[in-house]
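# Observations on chain architecture
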Amino acid sequence: RVVVVGSANMDLVGTAPVLPRARETVLGTDFVMVPGGKGANQAVAAARAGASVVFLGAIGSDSFGVTLRARITAAGVDTGQLRVTYGPSGVALVMVDAEGENLILVTPGANASLTGLTDAELAAVRGADVMVAQLEIPVETVTEAAVAARSAGTRVVLNAAPARRVPAELLDLVDMLVVNEVEAAALTGRGREAPETLLDLVPRAVLTLGADGAWYVDRDGTVAHVPAFEVEVVDSTAAGDAFTAALAVAWGEGRDLLDAVRWAAAAGAVCTRRLGASVALPHRAEIDELHAR
Ligand code: ADP
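Read on for an overview of the structure.

Look at helix 4 (residues 139-152): 20 Å from first C-alpha to last across 14 residues, which is about the 20 Å you get at 1.5 Å a residue. Considered for burial, the residues of helix 4 that qualify are Val139, Thr141, Val142, Thr143, Ala145, Ala146, Ala148 and Ala149. Against strand 1 (2-5), helix 3 (119-126), strand 9 (130-133), strand 10 (155-159) and helix 5 (168-171) lie the buried residues of helix 4. At the exit of helix 4 stands Gly153, carrying a positive phi of roughly 80°.

We now examine the packing of aromatic side chains. According to the stated counting rule, one finds zero aromatic pairs in the structure shown. In this structure, Arg155 packs its charged tip against the face of Trp251, placed 4.6 Å from the ring centre. The ring of Trp263 has Arg255 sitting right over it, with the charged end atom 4.8 Å from the ring centre.

If you trace the backbone, Val270 turns up in helix 8 (residues 257-272). By relative accessible area, Val270 is classed as buried at 1%. Along the sequence, Val270 and Phe243 sit 27 residues apart, while their C-alpha atoms lie 9.8 Å from each other. In this structure Val270 touches Pro282, Glu286, Ile287 and Leu290, once residues within four positions along its chain are discounted.

The full count for this structure, using the stated rule, is nine salt bridges. As a salt-bridge pair, Glu193 and Arg190 come within 3.0 Å of each other at their nearest N and O atoms. A salt bridge links Glu253 to Arg255; its shortest N-O distance comes to 3.9 Å. Note on Glu253: relative accessible area 39%, which makes it partly exposed. Beyond isolated ion pairs, a larger network of salt bridges with shared partners links Glu253, Arg255, Asp259 and Arg284.

Each value, and the rule that gives it
Per chain, residues are indexed from 1 in the order of the written sequence. Confidence filtering applies because this is a predicted model: local features only for residues at pLDDT of at least 70, side-chain atom pairs given and counted only at 80 or more, and all residues used for totals across whole chains, interfaces and linings. Water and hydrogen atoms play no part in the side-chain values, which are based on all heavy atoms of the structure. Under the DSSP-based scheme used, a helix requires at least four consecutive residues in state H or I and a strand at least two consecutive residues in state E, with every element numbered from the N terminus. To estimate the expected span of a helix, subtract one from its residue number and multiply by 1.5 Å. Each residue is placed in one exposure class: buried if its accessible area under a 1.4 Å probe, protein chains only, is under 20% of its type's maximum, exposed if it is over 50%, and partly exposed if it falls in between. Here a residue-residue contact requires only that any non-hydrogen atoms of the pair lie within 4.5 Å. Stacked, tilted and edge-to-face are the three classes assigned to paired rings of Phe, Tyr and Trp, where Trp is represented by its six-membered ring and a pair needs centres within 6.5 Å; plane angles under 30 degrees give stacked, over 60 edge-to-face, the rest tilted. Two conditions define a charge sitting above a ring: the NZ of Lys or the CZ of Arg must be within 6 Å of the ring centre, and it must be within 35 degrees of the ring normal. By definition, a salt bridge exists where a carboxyl oxygen of Asp or Glu is found within 4 Å of a side-chain nitrogen of Lys or Arg.

Structure (C-alpha cells):
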C-alpha cells in the first residue's frame, strides 16, 4: 500500500501562435482543462502501476475541486480523506505557443491549506508500506507526515520537486530521494557530474536525467547508472511523476532497488510516448511490457 501526500491542481492550458506580453491580449487557438498537480499525478500513477493508493491532499470548494476528486477517484485512488477547503482549488494557468514555449502561473489555492494533519490522515500514513511526497504543499506538512511514517516503519520517498532547498529536519526523515538535475542542484549545488553528493543528505537517492536515464546511489556504496529505454518521445511532461510513483510501488512490493529503478525508468519512458500529463501516466501492463524488453 502506498500513501501519497501532495498537491492537486486543475491545469488550464491555452495554446496560441505567440504568447501574450504584459498588457497585451492575444487570440488563442485551443483550450484544454486537465487534472494535475504532482501529488494527484503520482497518486494516479501509483494506482495505474498496480498499488492500492490513498491520496491525502486538499481541493477547493469550487467546481474544479469536484472534477479533481472525480478524476482521481476514477483512477482507482482512495480519496475518502481528501479535504475540501472553502475557497479555490489549486490552479495552473498554462499558455503554450507554436514553438512549445510556455508561460505558467500556479496559484496553490487549497494546497496551501493542507496543514495540521488529522489523526485519521496520520493513521493512513502509518498504515502504508511507502509514503510518497513532493514539495507543492507546505514543507511543514510533509515533515509532519514523514515523522508519522518513520514512527511506523513506513518508508519515506521524497520527490523534492519543484526545485528548492529542503530543511535538514525533513531530509533526515527521508529513506529515498528522487530528484532531477535542477532539483539536485538546488539541494547540493551539484548536478549530474556528482550524484553521490546526494548521499550527504539521504541514505538512498535517484537522480533522473530524462533521455540520459538515471543514477541510483546508496550509502552501501552502490553508484549505478540505469539507462533510459529507447522510445519515440511525444511529450515528456509527467515522466518524473510516473517514475517516482513506479519506484515507490516497486519498492513497496519488496523488489530489489536496482530493479525497481529500472522498472521506474520503463514507466517514465512509457509516459513520454503520449501527449499530456495525467492522461499519459502508464498502466502496469505497459510498464511490464517495456521493462521486459
Ligand atoms: P522530470 O520530468 O522530473 O524532469 P526526467 O525528465 O528526468 O524527470 O524523467 C524521469 C525519468 O523518465 C528518466 O530518468 C527516464 O528514465 C524517463 N524518461 C524521461 N524522458 C525520457 C526520454 N526522452 N526517453 C526515455 N525515457 C525518458
